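Architecture and fold: a report
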Amino acid sequence: MPSPQSVKTQPFGDQKPGTSGLRKPTKTFLQPNYTENFVQSILLSCGDALRGSTLVVGGDGRYFVKQAAENIIRMCAANGVSRVIVGENGIFSTPCVSAIIRKEKALGGIILTASHNPGGLDNDFGIKFNTANGGPAPDGVTTKIFEISKSLAEYKIVNDLKIDVAVVGKSTFKIDGCGDFVVEVVDSVSAYLDLMKGIFDFGAIKTLLSGDFKILINCLNGVTGPYATRIFVDELGAPASSVVNCIPLEDFGGAHPDPNLVYAKELVDAMATGAYDFGAAFDGDGDRNMVLGKNAFFVSPSDSLAVIADKAEQCVPYFKSGIKGFARSMPTAGAVDLVAKKKQKPIYEVPTGWKYFGNLMDAGLLSLCGEESFGTGSDHIREKDGIWAILAWLSILAKTKRSVQDLLHDHWAVYGRNLFTRYDYENCSSEDANKLFEHLESLIGDETLLKSEWRAGGKSYRIALTDNFEYSDPVDGSVAKKQGIRFVFKDGSRIVFRISGTGSTGATVRMYLDSYEPELERCKQDAAKTLRPLVDVALKISSLETHLKRDKPTVIT
Ligand code: G16
């Protein structure tokens, strides 16, 4: 009978989860005991509830996922877990893990991904823990995991447990001192497909795709490949050639699996030929999405959320009974706020991180939400959901019979447009980034700043408010402090600065800008160009380029 072993270990001091889990270079996770220490800390954070529980395990197919999944199962066996559900070859998208946790009433799930960060031996790996509601562990849980990791002296594992996650099926083991332990290796897609069929009118989308309407879905060699092929090709009848880069690769084919205009250039170029009516890309673990219309017409994530919010009740059966409320993360432009106001629904503004939406959903306050970082989703699960977002868009296109661009123009004609752009300065030194933020902090409430007029590109701005965003959760009263430095101007325009919580080395500084434009003809202009004067003001106020020693950003969205 296989029996648990206790392995002596030393704590690592750097296992503090970021915006969504622990993300580090793969080689860091490959150090002896590093992965095991973090997993043991997760398991211990569950306390007594762990014994006899069900956990879901899976990841985005990047290098080390399969091996890590098998080791995690061995650790679950030794720690008293009764049942583990794992995807075939260790593959599950992040939204799918959330769906299965909820469906199976599991205690939680361990997701093996560094999301949109590149994968492979020389790139990144990551581990995150989702709790029983299916959502990313809230701050209280991640703090507990980090605290445990700082003094961990041993981990438990059943080394001689024979597991093969490549073979679908159910195995029951008797573990010495722990009793029965069940491992269910399941098809990675089926449960998720069933959920989507219950949300959308697949017949309506099938009719759209059976006509002249052409789609191009680029999975960027990430986890969505099997999901997109099953759903868009097998179920909805799109030609097989509509889904590309659809085999999950350990290094994402050397690509950066981040669905934006820079890293999904292959999709942008293909859409620019005018051969397709609708294009989409996803990130490595399938929770982010980018939407493009014909001729590579770009739909900003803030606009995408607002259009879905406006049309969901009319076009998506799941929402027919009504929307409870909307939400967005603080740096996301406020387009959805205008929809909420018109529909007389509540709107919530939370810090960056999907985990902050979970409590609102669990309390029945929130149905639809999104983030500027290409995340869109609803209360069908507790993660943002790339494929869901594309099915929502196709449902709207099927019902309204408008093009993507026309839909956006219709929307701006009613609501005006919240122009948005984001500048990312990747791989800065942490020291430079800290100095920049010390400087920005020192500007909060600065009287001279508040009185000054800032001029650029023929425009003039005056500051109405400066602060470091703080959020009090209306459900449990928990407070998240220092979530982004904001400069809000008298005309409602905003500049926001944050340090990314998803990088694996150094610091990535993000500068977000948005401004409201009521005139339809001006709404149609290029957002990056229209916002240029505000960018100049932001750079002047912050002295960002001097502090970071950069003369341009790495990525502009
Ligand atoms: C994660 C979170 C998102 C969040 C994003 C922000 O996304 O799940 O809710 O918006 O991080 O990233 P950063 O801190 O770098 O700005 P993902 O897709 O990386 O899991």
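Residues numbered from 1 in each chain as written. Predicted model: local features only at pLDDT ≥ 70, side-chain atom pairs only at ≥ 80, totals over all residues. Heavy atoms only, no water.

1. What to know about the pattern of salt bridges
Tallied over the entire structure, the rule returns 41 salt bridges. Connected via shared salt-bridge partners are Arg328, Asp337, Glu349, Asp467, Arg486, Arg494 and Asp514. (Salt bridge = Lys/Arg side-chain N within 4 Å of Asp/Glu carboxyl O.)

2. Notes on the site of the ligand
The local shell around the ligand holds 19 residues, among which Trp354, Glu371, Ser500, Thr502 and Arg510 are the closest. One of the side-chain N or O atoms of Arg288 is found 2.7 Å from an oxygen atom in the ligand. Ser373 has a polar side-chain atom sitting 2.8 Å from an oxygen atom of the ligand. Protein contacts shield 99% of the accessible area of the ligand, which totals 460 Å² for the unbound molecule. (Near = heavy atom within 4 Å. Polar contact = N/O pair within 3.5 Å; in protein donor to acceptor, adjacent residues only side chain to side chain. Areas by Shrake-Rupley, 256 points an atom, 1.4 Å probe, with all protein chains shown as cover.)

3. Quick word on the sheet that holds strand β14 (residues 297-299)
With mixed pairing, 5 strands are arranged side by side in an open sheet as β11-β10-β12-β13-β14. For this open sheet the edge positions go to β11 (243-244) and β14, each flanked by a neighbour on one side alone. Looking at chain direction, strand β12 (residues 278-282) and strand β13 (residues 289-293) are connected through 5 bridges and run antiparallel. In the strand pairing of β13, Ala281 is matched with Met290. Here helix α9 (residues 265-272) sits on the sheet and contacts β10 (215-218), β12 and β13; the angle it forms with β13, its principal contact strand, is near 15 degrees. (Pairing = 2+ DSSP bridges. Helix = DSSP H or I, 4+ residues; strand = E, 2+ residues; numbered from the N terminus. Contact = heavy atoms within 4.5 Å. Axes fitted to C-alpha atoms, helices over the stretch in contact; angles between N-to-C directions.)

4. A short note on unusual backbone geometry
Backbone geometry at Asn427 places phi at a positive 50 degrees, although glycine is not the residue there. Its place among the elements puts Asn427 in strand β19 (residues 417-428). Of the residues examined, Asn427 reaches a relative accessible area of 56% and is grouped as exposed. In this structure, Lys549 takes a positive phi of about 55 degrees despite not being glycine. With respect to the secondary-structure elements, Lys549 resides in the loop between α20 (544-548) and β27 (555-556). (Buried < 20%, exposed > 50% of the residue type's maximum accessible area, 1.4 Å probe, protein only.)

5. Examining the environment of Cys315
Mapped onto the elements of the fold, Cys315 is located in helix α10 (residues 301-315). With relative accessibility at 7%, the residue Cys315 sits in the buried group. Between the alpha carbons of Cys315 and Ile387 there is a distance of 16 Å; along the sequence they are 72 residues apart. In this view, Cys315 contacts Ser395, Ile396 and Lys399; residues no more than four positions away in its chain are not counted.

6. Regarding the sheet that holds strand β9 (residues 179-186)
Within the open sheet, the 7 strands sit side by side as β2-β6-β5-β3-β4-β9-β8. Their pairing is mixed. Where the open sheet ends on each side, the last strands, each with one partner, are β2 (22-25) and β8 (169-175). Sheet twist, expressed as the average angle between the axes of neighbouring strands with direction ignored, equals 15 degrees. Alignment of β8 against β9, held across 7 bridges, turns out to be antiparallel. Looking across to β9, one finds that Gly169 is bridged to Val185. The sheet strands contacting helix α3 (residues 65-78) are β3 (54-59), β4 (83-91), β5 (108-112), β6 (124-130), β8 and β9, and the helix crosses β4 at an angle near 170 degrees.

7. Quick notes on the environment of Pro239
Within the secondary structure layout, Pro239 lies in the loop between α8 (224-235) and β11. Between the C-alpha atom of Pro239 and that of Pro346, which follows or precedes it by 107 residues, the distance is 41 Å.

8. Some words on helix α6 (residues 190-199)
When we look at burial in α6, the residues that qualify are Ala191, Tyr192, Leu193, Met196 and Ile199. Among the structural elements, α4 (94-103), α7 (202-210), α8 and α13 (386-400) are those in contact with the buried residues of α6.

9. Quick word on the nonpolar core
Of all hydrophobic cores here, the largest spans 73 residues; its most connected members are Phe232, Phe278 and Trp393. When residues of this core are assigned to their parent elements, the largest contribution, 11 residues, is made by α13. Aside from chain neighbours lying at most four places away, what touches Phe232 is Leu209, Ile215, Ile217, Gly237, Ala238, Val243, Ile387, Ile390, Leu391 and Leu394. If you look at the next biggest cluster of nonpolar residues, it comprises 43 residues, including Phe64, Tyr155, Leu161 and Ile175. (Core = buried A, V, L, I, M, F, W, Y, C linked by side-chain atoms within 4.5 Å.)

10. Thoughts on the environment of Val299
Of note, Val299 is situated in strand β14. Look at Val299 and you get buried, because its relative accessible area is 2%. Ignoring anything within four residues of it in the chain, the contact list for Val299 reads Val291, Ser304, Trp393, Val404 and Leu408.

11. Observations regarding the UniProt feature "domain: Alpha-D-phosphohexomutase alpha/beta/alpha" (unreviewed entry) in the protein chain
Within the UniProt annotation, "domain: Alpha-D-phosphohexomutase alpha/beta/alpha" (unreviewed entry) is assigned to residues 15-155, 191-292 and 305-415. Secondary structure across residues 15-155 divides into 37% helix and 23% strand, with the first and last C-alpha atoms of the span separated by 15 Å. In this annotation, residues 191-292 is assigned 37% helix and 15% strand; the end-to-end C-alpha distance for the span is 28 Å. (UniProt positions renumbered as here; feature names shortened; annotations may be inferred.)

12. Focus on the domain arrangement of the protein chain
The domain boundaries assigned to the protein chain delineate domain 1 (5-188), domain 2 (192-415) and domain 3 (417-556). Here the C-alpha centre of domain 3 lies 36 Å away from the C-alpha centre of domain 1. Between domain 1 and domain 3, the contact holds 10 residues from the first and 7 residues from the second. Together domain 1 and domain 3 conceal approximately 540 Å² of surface at their shared face, both sides included; 42% is due to carbon and sulfur atoms. Of all residues in domain 1, the largest losses of buried area upon contact with domain 3 belong to Thr19, Arg23 and Pro25, amounting jointly to 57% of the total for that side. If you look at where domain 1 meets domain 3, you find 0 salt bridges. At the surface where domain 1 touches domain 3, the tally comes to 0 residue pairs in polar contact (both at pLDDT 80 or more). Of all the elements, β2 adds the most residues to the side of domain 1 that touches domain 3, at 3 residues. Counted by class, the side of domain 1 that touches domain 3 contains 1 nonpolar, 5 polar and 4 charged residues. (Domains from an automatic or database assignment. Buried area = accessible area lost by both parts, 1.4 Å probe. Nonpolar A, V, L, I, M, F, W, Y, C, P; charged D, E, K, R; others polar.)

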